[in-house]
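Here are the chains, one letter per residue:
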Amino acid sequence: MNIKSPFVLKQIIEHRQLFTQLVAYIEENDGDVEIPSQLYRSIVRQAIQAEAAQGNSRECERIRYTLAEDNLLRERLIIRKDPGRGTLVLAPFVVDMLRHFDVGRMRGLSQAELEDLRDGLNQSLTAFQEQSIDLENDNVKDELRLLRRRIQDTLGKMQESVAALEAQGDHLADLVEQQDVGSLEGAAETRRALEHINRIYQRYILPALEFLDPKTRFKQGIPAITAVRRIANLAAENDHPGLNEELQFAANAIQSYVKDIDALRLALERYVRQDRQQRRQYDAIEQAFNAIRLATEERHDDSFRNLYIPVRHPSIQSPGTFAGIKRMRFNRLEWHDIDHRADIEEFTDRRIEELRAQLDQAGSVTVDPARAGLSEAELREQLRQHEIQALLETWVIPDHCQDLHASLHDYLCSHLEGYTLNDLLEALDWVMALPDFHFHARFQHHEIAHGELALSYHPLIPGEAHTKEITA
Amino acid sequence: MTDTPLSHDANPGRPVVNRRRSQEAFRKLTAGQVINQTQYENGQLVPNPLFDELYKERDRYYIEAYANMGMELVQRPGFFYVRTLNEAQSEDDSRDQESSGAIRQIQGVLLVLGRGVLEKGFMFDALTHPDAGISREILDSIGNDPTLVQILKACKMDQPLPEAVKVALVDRDIAFFNAKGNLVLAEAGKAFFDDLFTEYQPGE
């Protein structure tokens, strides 16, 4: 049964997810177009199984007839079949079509492919330079047809290349961004993706930019766009304004890919730099590490002296980030081994003896009234402080206290006999000296009047010290 | 320290010093620790108030205050530390093995760590990302390499790598352990490697 090519292509397109395996095979084998017949048959079988799973037995039959190798050969979709070696060669446009469906697997144009395109356009230029452009001349017609084919080829391939590079770049960039740098697998995956990006950048992006730049100097020939423009100029000189315009537009169209490729270059450059930076980091650490390793080996001689790398060694002093860092030592005040306790005891013993002797001799001991008064005042003050501290030990700061002075004032007023504002200040000192006590001052001004005195202050709010500093 | 406000032509105005932070910073710096720009708190990096305090009044107050005590307050990208101000004192101190050997320990451990992490196949970022870090198991496995052990010993670090890392880096705030218990470099640790990368000349 002979089934026409449109129906065959329709089946291939419908099962394109399976047929892109053929492109994968070609790519994996460096562009080898001879595909094992077995691979083709297995793809057809998969397509039949997929339909069978949905219960379309008629469709299974149809696929079997439509995609039969002999049918494809008759319809020139397979251009060669070698049963002896078990291989077949698909028509180039079928492979190109499958590539089109598999943008992720498409490659950019390599240096060799770009060179081939440029070479073709240069050949066209030479051909037109050798003869005047007479559109009635069959040779010129053939050359023109070839030129148009070459321009179309260049445009088509550039477009495919941009799409392929974009898809691959996006995929790899996602891989890099989403990896967990803390895991080994993530690190390996990221490193692979970065290397791949670097390869794309070096192998496809840079040559493409070079190809599209009209200023690039090549060993042989001129840039592709310049070649097309020169042919256009020749057409203008030979009085073919229509052809001139057509070719100028074609040259512009090719050149317009500079924007796309440059956008790709900018997008990938960050990752290329990251890859380069990683290698540089590795090398820098390796270099410093080798220096310290050499220093280690130098110092380990048989005598076991100089066991440690000297601090002044370059491997320790470079890069000098922590030059001079150390724990500072402060000399303690020397008390010359005086035992102060023994001194006080000795003084007290002697003084008591003196006073006893004085009492025995004079019958009484005189005490300096000014000093005695002072001591009594100090004693009273100390007792008052103890009293306040004892009260505060049982006091809890009220919840949501907005004014520490007022709270303490109220508490002390009701609990401390003979309370004065001095006592409030003493109590505040005591509370604020507590190690875990935090507070902040509010920007307000309050006043407490008690007895004949008044205290003006900024209210203190306990418990929020981490946000504000003490400023009262 | 003087009660007279320090004035500087380039930085007029009276310095506003937070005494509590100033004292804490002094205690840390003189204990051989660094003060980083950020600190790890509750699983994230937050600004370090001690760094802010030093940075805020660095020129108007702290540089001179430390100089008056014979110390140089050194600011590097992302962190502060102190060292002896004058050379003569530094010479004296160089005989003090314990304190001047700090740089040898720090540098030795950082290099062993950096090299070990890359050798294990990790990216350098694993050392600096606060959520990533290097686990104790990996530190143990890096520390098993006899060459690295030898280098640590030559830097006067006899402990296994995880302990050496704690003594030389974590106790000095050059690195910290994150919520997972993994070791991460603080700004000071990063600055060391940044200096190394900047200084690196390929082909040397």
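Residues numbered from 1 in each chain as written. Chains lettered and ligands numbered in written order. Predicted model: local features only at pLDDT ≥ 70, side-chain atom pairs only at ≥ 80, totals over all residues.

A.B. asks: Please set out the overall build of chain A residue by residue, giving values where relevant.
C.D. replies: Looking only at helices and strands, one finds 17 helices and 7 strands in chain A. Out of the 472 residues belonging to chain A, those deemed buried represent 22%. The long-range share in chain A, meaning contacts at least 24 apart out of those at least 6 apart in sequence, stands at 63%. (Helix = DSSP H or I, 4+ residues; strand = E, 2+ residues; numbered from the N terminus. Buried ≥ 20, exposed ≤ 12 C-beta atoms within 10 Å, placed from the backbone. Contact = placed C-beta atoms within 7 Å.)

A.B. asks: Could you give an account of the overall build of chain B, with specific residues and numbers?
C.D. replies: Counting secondary structure elements, chain B contains 11 helices and 7 strands. Residues counted as buried form 40% of the 204 residues belonging to chain B. Here the analysis covers contacts within chain B between residues at least 6 apart in sequence; of these, 56% occur between residues at least 24 apart.

A.B. asks: Break down the interface of chain A and chain B for me, citing the residues and quoting the values.
C.D. replies: Counting residues at the interface gives 36 residues for chain A, matched by 50 residues for chain B. Every element with two or more residues in the side of chain A that touches chain B is listed here: helix 9 (184-212) and helix 12 (257-299) of chain A. At 15 residues, the largest contribution of residues to the side of chain A that touches chain B is made by helix 12 of chain A. For the side of chain A that touches chain B, the class distribution of residues is 19 nonpolar, 8 polar and 9 charged. (Nonpolar A, V, L, I, M, F, W, Y, C, P; charged D, E, K, R; others polar.)

A.B. asks: Could you give an account of the sheet that holds strand 2 (residues 78-82) of chain A, with specific residues and numbers?
C.D. replies: Residue and element names in this part refer to chain A. Reading across from one edge, 1-3-2 is the order of the 3 strands in this open sheet, with antiparallel pairing throughout. Only two strands of the sheet have a single neighbouring strand rather than two, namely strand 1 (34-36) and strand 2. Taken over all neighbouring pairs, the strand axes of this sheet differ in orientation by 30° on average, direction set aside. Of the strand pairs in this sheet, strand 1 and strand 3 (residues 87-90) are connected by 3 bridges, and their pairing is antiparallel. Directly across from E34, in strand 3, lies its bridge partner V89. (Pairing = 2+ DSSP bridges. Axes fitted to C-alpha atoms, helices over the stretch in contact; angles between N-to-C directions.)

A.B. asks: Let's hear about the confidence of the model for chain A: which residues, and what values?
C.D. replies: The pLDDT averaged across chain A works out to 84; a share of 92% of its residues lies at or above 70. Under a pLDDT of 50 for its full length, residues 465-472 of chain A has, in the predicted model, 11 contacts with residues more than four places off or in other chains. (pLDDT = per-residue confidence, 0-100.)

A.B. asks: Could you give me a rundown of the nonpolar core, with the residues and numbers involved?
C.D. replies: Ranked by size, the top nonpolar core spans 70 residues in total, and within it B:I35, B:F80, B:V109, B:L152 and B:V165 carry the most contacts. At 9 residues, the largest contribution of residues to this core is made by helix 6 (residues 102-119) of chain B. The contacts of B:I35, once residues within four sequence positions are left out, are B:A25, B:K28, B:L29, B:N48, B:L50, B:F51, B:L54, B:F79 and B:F80. Formed by 39 residues, the second largest nonpolar core is a distinct cluster that contains A:L194, A:I200, A:A232 and A:A235. (Core = buried A, V, L, I, M, F, W, Y, C linked by C-beta atoms within 7 Å.)

A.B. asks: Can you lay out the sheet that holds strand 1 (residues 35-36) of chain B for me, pointing to particular residues and giving the numbers?
C.D. replies: Residues and elements named next belong to chain B. Pairing within the open sheet is antiparallel, and its 3 strands lie in the order 1-5-4. At either end of the open sheet lies a strand with only one pairing partner, and these are strand 1 and strand 4 (71-76). As defined by bridge partners, strand 1 adjoins strand 5 (residues 79-84) across 2 bridges and the pair is classed as antiparallel. Paired with I35 across the two strands is F80, which belongs to strand 5. Contacts from helix 1 (residues 19-30) reach strand 1 and strand 5 within the one sheet, and its direction differs from that of strand 5 by about 60°. In the packing of helix 11 (residues 187-199) onto the sheet, the strands contacted are strand 1, strand 4 and strand 5, and the crossing angle to strand 5 comes to about 80°.

A.B. asks: Please set out the pairing of strand 6 (residues 453-457) of chain A residue by residue, giving values where relevant.
C.D. replies: Here is the key point about a regular strand: its side chains alternate between the two faces of the sheet. All names here are of chain A. With 0 of 5 residues buried, strand 6 lies mostly on the surface of the structure. Note: strand 5 (residues 446-450) against strand 6, 5 bridges, orientation antiparallel. Opposite I448, over in strand 6, you have L455 as the bridge partner. Between the end of strand 5 and the start of strand 6, which pair antiparallel, lie 2 residues, with G451 showing a positive phi angle near 65°.

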